[in-house]
Amino acid sequence: MAGTKEATTMSVREMREHLGIKKTESYWLINKRYFDTVTIAGRTRVVKASFEEWYAGQTHYRKVTGEEPGARLKTESYGIKDIADMLGITTSSVYDLLQQTGLETVTVHYRLRVPRKAFDQWYRHQDHYRNAKDRERDRPLEEKSMTVPEMGRLLGLDRREAWKLHYRIKDQLMTIRVANRPRITRESFEQWYGNQTQYTKVSVPPTASLPPGQEALTEKAEEQRKEYYSLHEAASLLDMSERDLYRMLTYQEIQGKKIGKSWFIRYDDLRSLR
């Protein structure tokens, strides 16, 4: 009987050698009752099945050799980095997203995770963020279109001049929305371009530096780095007038949030204007 129990258990020393941890930490895990233990001949032993079940449900500890941890956990929830990689955003933006949306979270070994069911349901009901599959789906549309700043760079215009031109000729352009952001179809741009003589395309080297507005956004925003910017702050970061930025909000060319009489714009939405 004792032999059977020993075959289905392991010593505390074996357990810590599996995980590459020290004696104090191994007994801390036992005292936390993360897995079952039994006493055989006066010695504490770890039940192998419960240890493996615990190992599959966490990602903090890793075996020195053997399979990766969290096999079960990863089928049930996403980690912060998982979501960041999936949506193509920073981990800081993921924390902002969780705070803004109130998505359900769980804590596993002091690490925040989001249940897959809750995240997948949220993702299906929003159109701002895209995963790799959706980005690949939208790629053909993006290749056949351009942002207003991209149009400006083709014509040698800075960001402010590009948006002023866009407002003036928008009735002659076809605008589509990709990930809920406006883009000008290249076909309609070429048609407009062929029917005018005021503007001439310029050669933009692939390694050309960012336009002034985007440089300002990159440098200043990364220093300040907060979730929302007021209309005045956002216009300053983009090197645009508040009036032009307000027009963009009015025409829903950028998403904003109105609190009282004031407009606020998310950092990620500002970055999308590049």
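Since this is a predicted model, take the numbers as computed values, not measurements.

Criteria and thresholds
Residues numbered from 1 in each chain as written. Predicted model: local features only at pLDDT ≥ 70, side-chain atom pairs only at ≥ 80, totals over all residues. Heavy atoms only, no water. Pairing = 2+ DSSP bridges. Helix = DSSP H or I, 4+ residues; strand = E, 2+ residues; numbered from the N terminus. Axes fitted to C-alpha atoms, helices over the stretch in contact; angles between N-to-C directions. Parallel < 35°, antiparallel > 145°, perpendicular 65-115°, else oblique. Left-handed = near helix turned anticlockwise from the far one by under 90°. Contact = heavy atoms within 4.5 Å. Nonpolar A, V, L, I, M, F, W, Y, C, P; charged D, E, K, R; others polar. Buried < 20%, exposed > 50% of the residue type's maximum accessible area, 1.4 Å probe, protein only. Salt bridge = Lys/Arg side-chain N within 4 Å of Asp/Glu carboxyl O.

(A) Examining the pairing of strand β2 (residues 37-40) more closely. Summarising the sheet, β2 and strand β3 (residues 43-47) pair through four bridges and their orientation is antiparallel. Residue pairing in the sheet places T37 in a bridge with V46 of β3. Taking the residues that link successive antiparallel strands as the turn, the β2-β3 hairpin has two residues, and the phi of A41 there is positive, at about 55°.

(B) Broad picture of the sheet that holds strand β5 (residues 106-108). With antiparallel pairing, the three strands of this open sheet are ordered in space as β4-β6-β5. Looking at strand neighbours, the two that pair on one side only are β4 (77-79) and β5, the edges of this open sheet. Going from strand to strand, the sheet's axes swing by 45° on average, the running direction of each strand aside. Pairing of β5 with strand β6 (residues 111-115) involves three bridges; the strand directions are antiparallel. The partner of V106 across the bridge, within β6, is R113.

(C) Highlighting the packing of helix α11 (residues 159-169) against helix α15 (residues 242-250). Close contact between α11 and α15 brings their axes to 11 Å; oriented N to C, the two are set at 50°. Accordingly, the angle class assigned to the pair α11 and α15 is oblique. Of the two possible hands of crossing, α11 and α15 adopt the one that is left-handed. For the pair formed by α11 and α15, the contact residues are R160, W163, K164 and Y167 on the first element and D244, R247 and M248 on the second. Here the residues of the contact of α11 with α15 sort into three nonpolar, no polar and four charged.

(D) Just the side chain of K63, in detail. Within the secondary structure, K63 sits in the loop between α4 (48-56) and α5 (71-76). On the basis of relative accessibility, which here comes to 14%, the residue K63 falls in the buried class. Those residues in contact with K63 that lie beyond four places of it in its chain are H18, L19, F51, E52 and Y55.

(E) Spatial organisation of the pattern of salt bridges. The tally for this structure, following the rule as stated, stands at 15 salt bridges. For the salt bridge of R62 with E68, the shortest nitrogen-to-oxygen distance reads 2.0 Å. Judged by its relative accessible area of 46%, E68 falls in the partly exposed class. Between R113 and D82 there is a salt bridge, with its nearest N and O atoms 3.9 Å apart. One end of the pair, R113, is in strand β6; the other, D82, is in helix α6 (residues 80-87), with 31 residues separating them in the sequence. According to the relative accessible area criterion, R113 is buried, its value standing at 6%. Using a relative accessible area of 36% as the deciding quantity, one classes D82 as partly exposed. Residues joined in a network through salt bridges with shared partners are R130, D134, R137, D138 and E142.

(F) Spatial organisation of the pairing of β6. One ladder, built from three bridges, connects β4 with β6; its direction is antiparallel. If you follow S77 over to β6, its bridge partner there is P115. Taking the residues that link successive antiparallel strands as the turn, the β5-β6 hairpin has two residues, and the phi of H109 there is positive, at about 50°.

(G) Representation of the sheet that holds strand β10 (residues 228-230) within the structure. Ordered by their spatial adjacency, three strands build an open sheet running β10-β12-β11, and the pairing between neighbours is antiparallel. Both edges of this open sheet fall to β10 and β11 (257-259), since each of them pairs with a single strand only. Neighbour-to-neighbour, the strand axes of the sheet open up by a mean angle of 35°, direction not taken into account. In terms of strand pairing, β10 meets strand β12 (residues 262-266) through three bridges, oriented antiparallel. Across the sheet, residue Y229 finds its bridge partner in β12, namely I265.

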